[in-house]
Amino acid sequence: MTVQELPGAAAAYRPTPPPAWKPRTDPAPLLPDPEPYRVLGTDAAAGADPELLLRLYAELVRGRRYNVQATALTKQGRLAVYPSSTGQEACEVAAALALEERDWLFPSYRDTLAAVARGLDPVQALTLLRGDWHTGYDPREHRIAPLCTPLATQLPHAVGLAHAARLKGDDVVALAMVGDGGTSEGDFHEALNFAAVWRAPVVFLVQNNGFAISVPLAKQTAAPSLAHKAVGYGMPGRLVDGNDAAAVHEVLGEAVARARRGGGPTLIEAVTYRIDAHTNADDATRYRGESEVEAWRAHDPIRLLERELTERGLLDEDGIRAAAEAAETMAAELRDGMNADPVLDPMDLFEHVYAEQTSQLREQAALLRAELDAEGEAR
């Protein structure tokens, strides 16, 4: 017996779903603009805070030097690997400066610069990447989650912390950073869904740098933009020029403020470009041409901001020189710190695993301690 043959089926049959299917949220306000939002080089630049622009510039210059120095350290054997963010410094710096001290930053493996711009010691930011002491810093002290090497796993953690803070009544926002490759991971989708349902005070910043290692964005998604994915979860999507530091800071600042006042999460896609290879172990010439890279060099975040500042009379040659000298001082201190051999304690293996060690860990620690004592006596 078919549905049409059931008693009363003719009267009950509907050619379309009943009214309950209708959207819970009007999708129109959630959709991103058709073009990335920009400030520099537009009329909006006149309203930008000069003090903020100068601070962004100083951090961009320092960040570029940091990337160059860290890359050099890999060639010297002082770092095992370094994923450079050259070309993406505007996203990194803006993410750090958009947060209040009480907020939390959840970085990916490429976001060491964001951690440094937030105040983390440059040497501590690289400690993990040379295979040294745990994550290299105390996450609770700095309100920076551990640099996350697995793709997108930090996103659900950010949602959990933000949701917990809201339940406790704490005025805290979490900002989670991820690359375009991370948006293809299940953790990305789960995090956005939970965040939207719970209206968690979290901001998702996707740095779309064009490639997930060697995979271009077109082979990852057929969506109009990554920002368009927001509407499927019921949160606003924003599209911004990721090389425009002022624009990224403004969009992030608005999203952080919205989250803090209870408006829920926002997904922001910053369109940028990875000038350097994926890491020092990658040969980017195998999947992209130099002409493409040069085109993006012309849209360099430092040059864009420097041009704006000089044209407005806010920056002169002395200011440019001062920013470069401060960056060189940082690089020298980073070299000195990374050239000092770390003093390692093998017993640290058992620290920071559980709040209270399990019986198995205590047993293993005792065995290692006995071996170390015996080795010391043998010497």
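Look a little higher up for the structure.
Undergrad: What should I look at first to understand unusual backbone geometry in this one?
TA: If you check the backbone angles, arginine 143 has positive phi at about 55° while not being a glycine. Within the secondary structure, arginine 143 sits in the loop between α6 (139-142) and α7 (154-168). Arginine 143 sits in the partly exposed class, given a relative accessible area of 29%. With a phi close to 60°, isoleucine 213 is a non-glycine residue in the positive phi region. Mapped onto the elements, isoleucine 213 comes out in the loop between β4 (211-212) and β5 (215-216).

Undergrad: Even after reading the chapter, I still don't get the pattern of salt bridges, so can you show me in this structure?
TA: Side chains that carry opposite charge are capable of pairing whenever their charged atoms lie near each other. Applying the stated criterion across every chain, the model contains 16 salt bridges. As a salt-bridge pair, arginine 64 and glutamate 89 come within 2.5 Å of each other at their nearest N and O atoms. One end of the pair, arginine 64, is in helix α2 (residues 50-75); the other, glutamate 89, is in helix α3 (residues 89-97), with 25 residues separating them in the sequence. A salt bridge links glutamate 254 to arginine 238, with the shortest nitrogen-to-oxygen separation between them at 3.1 Å. Pair noted here: glutamate 254 is in helix α9 (residues 245-260) and arginine 238 is in strand β6 (residues 237-241), with a separation of 16 residues, a long-range link. Given the relative accessible area of 40%, glutamate 254 is considered partly exposed. For arginine 238, a relative accessible area of 23% translates into the label partly exposed.

Undergrad: Please clarify how the sheet that holds strand β3 (residues 202-208) should be interpreted in this entry.
TA: Within a sheet, adjacent strands bond to each other through the backbone by hydrogen bonds, running parallel or antiparallel. The sheet built from 5 strands is open, its strands ordered β1-β2-β3-β7-β6 with parallel pairing. The open sheet terminates on both sides in strands that have one partner only, identified here as β1 (104-106) and β6. Ignoring which end each strand starts from, the neighbouring axes of this sheet average 20° apart. Taken together, the 3 bridges between β1 and strand β2 (residues 174-179) define a ladder with parallel strand orientation. Paired with tryptophan 104 across the bridge in β2 is alanine 174. Here α9 sits on the sheet and contacts β2, β3, β6 and β7 (266-271); the angle it forms with β6, its principal contact strand, is near 155°.

Undergrad: I keep staring at the environment of glycine 234 and nothing clicks. Help me out?
TA: With respect to the helices and strands, the residue glycine 234 is situated in the loop between β5 and β6. Judged by its relative accessible area of 36%, glycine 234 is partly exposed. Separated by 76 residues in the primary sequence, glycine 234 and alanine 158 have C-alpha atoms spaced 18 Å apart.

The rules behind the values
Residues numbered from 1 in each chain as written. Predicted model: local features only at pLDDT ≥ 70, side-chain atom pairs only at ≥ 80, totals over all residues. Heavy atoms only, no water. Helix = DSSP H or I, 4+ residues; strand = E, 2+ residues; numbered from the N terminus. Buried < 20%, exposed > 50% of the residue type's maximum accessible area, 1.4 Å probe, protein only. Salt bridge = Lys/Arg side-chain N within 4 Å of Asp/Glu carboxyl O. Pairing = 2+ DSSP bridges. Axes fitted to C-alpha atoms, helices over the stretch in contact; angles between N-to-C directions. Contact = heavy atoms within 4.5 Å.

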